[in-house]
Amino acid sequence: GNSVTQMEGPVTLSEEAFLTINCTYTATGYPSLFWYVQYPGEGLQLLLKATKADDKGSNKGFEATYRKETTSFHLEKGSVQVSDSAVYFCALRDTGRRALTFGSGTRLQVQP
Amino acid sequence: SQTIHQWPATLVQPVGSPLSLECTVEGTSNPNLYWYRQAAGRGLQLLFYSVGIGQISSEVPQNLSASRPQDRQFILSSKKLLLSDSGFYLCAWSGRVVSGGPRAYNEQFFGPGTRLTVL
């Protein structure tokens, strides 16, 4: 079956620090990969996506590269801000599947 | 553009009471619709999805049911709530983003969620 594994949080960083949130996956087909962000009290927003191997998704300074050889999709940002504090979810949609499989989420806390 | 609404935003219900959560989508037609639950400190679990009116697929056995009486309306229900039904319920849709354009299932768009507390 499909699964997504994320590093456990919370991740606490100072403003302007470098961020990495690890995500690895297992899938039976050729999945599309996503990062969603959930700000406090809100629903999920799509942050970025990649649909095939070696694609790089990017948005708002965040990046993630689809690595098929390591089945990974790690999220990175060069300089985090307090406003980036949120829960980040890695997800996949496998070939022929209609729904997403989510990781358990990683809470990021950025301190001024 | 498309919007997705959920209500109520928060709900506190006693054990054994019924439940009805509503989700509606505007600005698209024939969307796929989804109900997810996020339990405290955990990830999202898919509960139901629907590809059309009256068509419901259940992902996990549980105390809840779903219905789709109209193309852009998705309802989550229970006859008798359990304590374990507490959580954050999210509705999502996927499909045609551009009017007359192709249906794209790759991306799902989420509503603001309903926080349910069962006491």
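You'll find the structure just up there.
The rules behind the values
Residues numbered from 1 in each chain as written. Chains lettered and ligands numbered in written order. Predicted model: local features only at pLDDT ≥ 70, side-chain atom pairs only at ≥ 80, totals over all residues. Heavy atoms only, no water. Helix = DSSP H or I, 4+ residues; strand = E, 2+ residues; numbered from the N terminus. Rg over C-alpha atoms; globule rule 2.2 N^0.38 Å. Buried < 20%, exposed > 50% of the residue type's maximum accessible area, 1.4 Å probe, protein only. Contact = heavy atoms within 4.5 Å. Areas by Shrake-Rupley, 256 points an atom, 1.4 Å probe, with all protein chains shown as cover. Lys, Arg positive; Asp, Glu negative; His and termini not counted. Charge placed at Lys NZ, Arg CZ, Asp CG, Glu CD. Pairing = 2+ DSSP bridges. Axes fitted to C-alpha atoms, helices over the stretch in contact; angles between N-to-C directions. Core = buried A, V, L, I, M, F, W, Y, C linked by side-chain atoms within 4.5 Å. Polar contact = N/O pair within 3.5 Å; in protein donor to acceptor, adjacent residues only side chain to side chain.

(A) Spatial organisation of the overall build of chain A. The helix and strand inventory of chain A stands at zero helices and 12 strands. When the helices and strands of chain A are listed from N to C terminus, the series reads β-β-β-β-β-β-β-β-β-β-β-β. Here chain A has a C-alpha radius of gyration of 13 Å; the compact-globule value for 112 residues is 13 Å, and the two agree. When the backbone C-alpha atoms are referred to their principal axes, chain A occupies close to 45 × 30 × 20 Å. In chain A, which comprises 112 residues, the proportion classed as buried is 46%. Taking all contacts inside chain A whose residues are at least 6 apart in sequence as the whole, residues at least 24 apart take part in 57%. Carbon together with sulfur atoms contributes 45% to the accessible area of chain A, which is approximately 5,400 Å² in total. On chain A, the mean spot of the 11 positive side-chain charges and the mean spot of the 11 negative ones are 10 Å from each other.

(B) Main features of the environment of Leu-81 of chain B. Residues and elements named next belong to chain B. For Leu-81, the location among the structural elements is in the loop between strand E8 (73-78) and strand E9 (87-96). When its relative accessible area of 1% is taken as the criterion, Leu-81 is described as buried. Residues Leu-81 and Val-15, 66 residues apart in the sequence, show an inter-C-alpha distance of 5.2 Å. Not counting the four nearest positions on each side in its chain, Leu-81 is found in contact with Gln-13, Pro-14, Val-15, Gly-16, Ser-17, Pro-18, Leu-19, Asn-63, Leu-116 and Val-118.

(C) Local environment of the sheet that holds strand E9 (residues 75-77) of chain A. All names here are of chain A. With antiparallel pairing, the four strands of this open sheet are ordered in space as E3-E9-E8-E7. One side of each edge strand has no neighbouring strand; the edge strands of this open sheet are strand E3 (19-21) and strand E7 (56-59). Neighbour to neighbour, the strand axes of the sheet diverge by 15° on average, direction disregarded. Where strand E8 (residues 62-65) lies against E9, three bridges are found, and the strand directions are antiparallel. Within E9, the residue paired with Glu-63 across the bridge is Glu-76.

(D) View of the nonpolar core. Counting 26 residues, the largest nonpolar core has Leu-19, Trp-35, Leu-47, Leu-48, Phe-73, Leu-75 and Tyr-88 of chain A as its most contacted members. When contributions to this core are tallied by element, the ones reaching two or more residues are strand E2 (11-14), E3, strand E4 (23-26), strand E5 (32-38), strand E6 (44-50), E8, strand E10 (86-93) and strand E12 (106-111) of chain A. With four residues, the top contributor of residues to this core is E10 of chain A. Non-local contacts of Phe-73 of chain A, meaning those with residues more than four positions away in its chain, are made with Cys-23, Leu-33, Phe-34, Trp-35, Leu-48, Lys-49, Ala-50, Ala-64, Thr-65, Tyr-66 and Cys-90 of chain A. Grouped together as the second largest cluster of nonpolar side chains are 19 residues, Ile-4, Leu-19, Leu-64 and Leu-81 of chain B included.

(E) Up close: the side chain of Arg-68 of chain B. Residue and element names in this part refer to chain B. Looking at the secondary structure, you find Arg-68 in strand E7 (residues 65-70). For Arg-68, a relative accessible area of 3% puts it in the buried group. Separated by 2.7 Å, the side chain of Arg-68 and the backbone oxygen of Pro-31 make a polar contact. Polar contacts involving the side chain of Arg-68 include one to the main-chain carbonyl oxygen of Ser-50, which spans 3.1 Å. Those residues in contact with Arg-68 that sit more than four places away from it in its chain are Asn-30, Pro-31, Asn-32, Leu-33, Ser-50, Val-51, Gly-52, Ile-53, Gly-54, Ile-56, Gln-73 and Phe-74.

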